[in-house]
Amino acid sequence: MRGIVYKAQGDMQVEEVADPSIQDPGDAIVKVTKASICGSDLHIYNHGEAFGFECGCRVGHEFVGVVEEVGADVGTVGVGDKVLAPFWISCGSCHFCQKGLQTSCVKGGCFGFQPMFPGGGEGNAEAVQGGQSQYVRVPMAAGTLDRIPESLADDSNDMKTLPLTDVFGTGYHAAKCSNVQGGSNVVVIGDGAVGLCGAQAARALGAETVTVLGHHDDRLQIAKQMGATHVVNTKTSDNAGELVKELSGGVGPDSVIAAISSADSMKWAMDNVQPGGAIGWVGMEVLLGGPEIPWDQAFFGNVTLAGGVAPVKGYLPELWEMLKAGKIDPSPVLTHDLAMDEAASGYEVMASREEGSVKVAISPQS
Ligand SMILES: [Zn+2]
Ligand SMILES: [Zn+2]
């Protein structure tokens, strides 16, 4: 079968790789019908060695597909089921899985990140593979996989369901962490896929205004399509602070979704959120030298800071209901859909921020 492998910094390629097989009775093999490239994959593309990636490492942690084979202990899904794998592998039974924090699963790991998060139990490190391929071995399939509801199971819905593997779940996590409720005034910092999904999540949770701050007019157009009530290109306009103050009756937003979480964006969030408000931070920039938190502002303003890696699996039951009811549709973030032969070029499209691009989907079977 074919899959995308990391070759060197700035070089991803589609290659023949080993067919996956059941190695543990808890495994399932999934035939991938649609996968996608993530902003976090770009960190591998740009700085792979810094994260321990070597030539030949498999990549990809966002995929939906059909169960092809199951080990004897799986039980929860069967051959032929249409399934979604959240990016984090989880056992489903440990303390943290039981409380809905599957990203802290004691046996957990992440698809396509095996040098950092092998997961899947001892001895399985090399076998936890990338999702940007035709087939994937899913360890601890009973805990990890979610069956896609019948009404969304047809392949024609893959572009709607696929963002729930990560970016929509992450945007939703930020909205929950920043305490978005009915009537909230919300600001989203960042117009990448997570920011756009965060805006839609905030509207789905009842936010009255959602203002997206970004740098790209094409993406801000998509933000509007996904429910943002206001958008500001902060490269060409410096009125974002005034606008969000005005929208909130002069007091500042209730909630800030920090989709990038860079030093500048966290400072902006802290300077503008209203006292008693909350900042939901989910951006990976914090891993590249974190922002300094102005604890005095947090203290005197009683500002809540909450966030981190999204436990997507725990949110899926409510997200399936929203998707079925048409309250959310994250498919506009997938601006491209590439056949397997061209899939590696998706990294260039995303890394160069090509006009009109947000996120690239891959069709591994075509
Ligand atoms: Zn991702
Ligand atoms: Zn667990």
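Residues numbered from 1 in each chain as written. Chains lettered and ligands numbered in written order. Predicted model: local features only at pLDDT ≥ 70, side-chain atom pairs only at ≥ 80, totals over all residues.

Draft legend 1. The arrangement of the overall build of the chain in detail. For the chain, the count of helices and strands is 12 helices and 18 strands. Burial status across the chain gives 52% buried among its 366 residues. Long-range contacts, defined here as pairs at least 24 residues apart, represent 69% of the contacts in the chain between residues at least 6 apart. (Helix = DSSP H or I, 4+ residues; strand = E, 2+ residues; numbered from the N terminus. Buried ≥ 20, exposed ≤ 12 C-beta atoms within 10 Å, placed from the backbone. Contact = placed C-beta atoms within 7 Å.)

Draft legend 2. Fine view of the domain arrangement of the chain. Each domain of the chain was delimited in the assignment, giving domain 1 (2–166 + 311–363) and domain 2 (167–307). Just the C-alpha atoms count here: the centres of domain 1 and domain 2 sit 27 Å apart. On the domain 2 side, the residues contacting the 20 residues of domain 1 number 18 residues. Put simply, the parts of the chain that give the side of domain 1 that touches domain 2 at least two residues each are helix 1 (39–47) and helix 11 (312–324). Per-element accounting of the side of domain 1 that touches domain 2 gives the leading share, 4 residues, to helix 11. Of the residues that constitute the side of domain 1 that touches domain 2, the class distribution is 12 nonpolar, 4 polar and 4 charged. (Domains from an automatic or database assignment. Nonpolar A, V, L, I, M, F, W, Y, C, P; charged D, E, K, R; others polar.)

Draft legend 3. Structural view of the packing of helix 5 (residues 167–177) against helix 6 (residues 193–204). Where helix 5 contacts helix 6, the axes come no closer than 7 Å and their chain directions differ by 55 degrees. Here helix 6 runs oblique to helix 5, going by the angle between their axes. When you trace helix 5 past helix 6, the crossing you get is right-handed. Of the residues in helix 6, those touching helix 5 at Val-167, Phe-168, Thr-170, Gly-171, Tyr-172, Ala-174 and Ala-175 are Ala-193, Val-194, Cys-197, Gly-198, Ala-201 and Ala-202. Here the residues of the contact of helix 5 with helix 6 sort into 10 nonpolar, 3 polar and no charged. (Axes fitted to C-alpha atoms, helices over the stretch in contact; angles between N-to-C directions. Parallel < 35°, antiparallel > 145°, perpendicular 65-115°, else oblique. Left-handed = near helix turned anticlockwise from the far one by under 90°.)

Draft legend 4. The arrangement of helix 11 in detail. Taking 1.5 Å per residue as the helical rise, helix 11 with its 13 residues ought to reach 18 Å, and the 17 Å between its terminal C-alpha atoms agrees with that figure. Listed in full, the buried residues belonging to helix 11 are Val-312, Lys-313, Tyr-315, Leu-316, Leu-319 and Leu-323. The inward-facing, buried residues of helix 11 contact strand 7 (88–89), strand 10 (146–147), helix 4 (158–161) and helix 5. After helix 11 finishes, the residue Gly-326 shows a positive phi value of roughly 75 degrees. (Expected span 1.5 Å × (residues − 1).)

Draft legend 5. Spotlight on the environment of Met-340. Position of Met-340 among the secondary structure elements: in the loop between strand 17 (334–339) and helix 12 (345–351). Spatially, the C-alpha atoms of Met-340 and Ala-18 are 16 Å apart, while their sequence positions differ by 322 residues. Dropping the residues within four chain positions of it, Met-340 is found in contact with Arg-2, Val-14, Ile-362, Ser-363, Pro-364 and Ser-366.

Draft legend 6. Quick peek at the sheet that holds strand 4 (residues 57–58). Pairing is antiparallel across the open sheet formed by 3 strands, whose spatial order is 2-1-4. Taken across any chain shown, the strands that pair with only one partner, and hence form the sheet edges, are strand 2 (11–16) and strand 4. Pairing geometry for strand 1 (residues 2–8) and strand 2, over 6 bridges, is antiparallel. Bridged to Val-5 within strand 2 is Gln-13. (Pairing = 2+ DSSP bridges.)

Draft legend 7. How the structure looks around the sheet that holds strand 15 (residues 278–281). Ordered by their spatial adjacency, 6 strands build an open sheet running 13-12-11-14-15-16, and the pairing between neighbours is parallel. At either margin of the open sheet sits one strand with a lone partner, and together these are strand 13 (230–233) and strand 16 (304–307). Neighbour to neighbour, the strand axes of the sheet diverge by 20 degrees on average, direction disregarded. The sheet contacts of helix 7 (residues 217–225) involve strand 12 (209–214) and strand 13, and relative to strand 13 the element is tilted by about 170 degrees.

Draft legend 8. Structural detail: the nonpolar core. Within the largest apolar cluster, 106 residues are counted, with the highest numbers of intra-cluster contacts made by Ala-28, Val-30, Val-188, Ile-189, Ala-202, Ile-257 and Ala-258. A domain split of this core shows at least three residues from each of domain 1 (2–166 + 311–363) and domain 2 (167–307). (Core = buried A, V, L, I, M, F, W, Y, C linked by C-beta atoms within 7 Å.)

Draft legend 9. Here's a closer look at the pairing of strand 14 (residues 255–258). The two faces of strand 14 match: Ser-255 and Ile-257 on one face and Val-256 and Ala-258 on the other face are all buried. In this sheet, strand 14 lies alongside strand 11 (residues 185–189) in parallel orientation, the contact comprising 4 bridges. Residue pairing across strands places Val-186 opposite Ser-255, the latter belonging to strand 14. In this structure, strand 14 lies alongside strand 15, joined through 4 bridges in parallel fashion. Its bridge partner being in strand 15, Ser-255 is matched across the sheet by Ala-278.

Draft legend 10. The arrangement of the environment of Gly-276 in detail. The topology assignment puts Gly-276 in the loop between helix 9 (263–272) and strand 15. Residue Gly-276 is classed as exposed on the basis of its 12 C-beta neighbours within 10 Å. In sequence terms Gly-276 and Val-79 are 197 residues apart; their C-alpha atoms lie 50 Å from each other.

Draft legend 11. Structural view of helix 9. Considered for burial, the residues of helix 9 that qualify are Ser-265, Met-266, Ala-269 and Met-270. Buried residues of helix 9, seen end-on, are gathered within an arc of 135 degrees and therefore sit on one face of the element. Exposed residues on helix 9 whose side chains face more than 90 degrees from its buried face are Asp-264 and Asp-271. Those residues of helix 9 that are buried are in contact with strand 11, strand 14, strand 15 and helix 10 (295–301). (Arc of directions from axis to C-beta.)

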